[in-house]
Amino acid sequence: MGSSEQQEEGDDDAQAGPAARKMMSEHGLSAADVKGTGRAGRITKEDVEKALASKQSGQPASASEAPKAAPIPAAEPGEREERRVPMTRLRKRIAERLVSAQQNAAMLTTFNEVNMKPIMDMRKNYKDAFEKAHGVRLGFMGFFTRACVAQGQRQAVVIAIFPAGFFCAPG
């Protein structure tokens, strides 16, 4: 085959879905043998099945199909079809509440660097025994939880602010 013939065949296969391409290659069909009924004339798996059925019965694929309406023009590659629909009252209210919650909630992200090598070594040593004893795998969350509890026991004062403007502190 010349490069121009390969190019044409590649273009035809580009009009077929992956499942349709696989079926066409398995049964020795080309895209020219199958009439596409998908969006913008794309060849679907069902189209290949119809072509195979008509090939076995001896009829051409196009003769067994009813006339179709003109295909919908496809959007340009990389673009999506956009359709605007008015929002329902419920959907508007949900959107308002989500925006309000996001604007009013206190959000904080903190990053701390920690040397995980000792924890990874300990996990590696006890992983099998822990799984055998408890029936679950040993993860990192238990180590983090234990570290938080230990720090909470060392830190005697925890201050929390409540909506009424008061705060609670031990003692």
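Just above, that's the structure.
Now for a quick tour of the structure. (Residues numbered from 1 in each chain as written. Predicted model: local features only at pLDDT ≥ 70, side-chain atom pairs only at ≥ 80, totals over all residues. Heavy atoms only, no water.)

## Concerning the side chain of Asp 47
Piece 1. By secondary structure assignment, the location of Asp 47 is in helix α3 (residues 45-57).
Piece 2. Although Asp 47 is buried, it forms no salt bridge, and the closest oppositely charged side chain is Lys 50 at an N-O distance of 4.8 Å.
Piece 3. Leaving out residues up to four positions away in the same chain, Asp 47 has contacts with Val 34, Lys 35, Gly 36, Thr 37, Gly 38 and Arg 42. (Helix = DSSP H or I, 4+ residues; strand = E, 2+ residues; numbered from the N terminus. Buried < 20%, exposed > 50% of the residue type's maximum accessible area, 1.4 Å probe, protein only. Lys, Arg positive; Asp, Glu negative; His and termini not counted. Salt bridge = Lys/Arg side-chain N within 4 Å of Asp/Glu carboxyl O. Contact = heavy atoms within 4.5 Å.)

## Considerations on the packing of aromatic side chains
Piece 1. Scanning the entire structure with this criterion turns up 0 aromatic pairs.
Piece 2. One residue, Arg 123, lies across the ring of Phe 140, its end atom 4.8 Å from the ring centre. (Phe/Tyr/Trp six-rings, centres within 6.5 Å; stacked < 30°, edge-to-face > 60°. Lys NZ or Arg CZ within 6 Å of the ring centre and 35° of its normal.)

## Side note on the pattern of salt bridges
Piece 1. Applying the stated criterion across every chain, the model contains 2 salt bridges.
Piece 2. Linking Glu 96 and Arg 93 is a salt bridge whose minimum nitrogen-to-oxygen distance equals 3.4 Å. You can see Glu 96 and its partner Arg 93 sitting in helix α4 (residues 89-104), 3 residues apart, about one turn around the helix.
Piece 3. By relative accessible area, Glu 96 is classed as partly exposed at 46%.

## Details of a nonpolar patch on the surface
Piece 1. Residues Leu 90, Ile 94 and Leu 98 make up a contiguous nonpolar surface patch of roughly 330 Å² in combined accessible area.
Piece 2. Within the fold, Leu 98 resides in helix α4.
Piece 3. Residue class for Leu 98 comes out exposed when judged on its relative accessible area of 57%. (Patch = residues over 30% accessible without salt bridge, like charges linked within 9 Å, V, L, I, M, F, W, Y side chains within 5 Å. Areas by Shrake-Rupley, 256 points an atom, 1.4 Å probe, with all protein chains shown as cover.)

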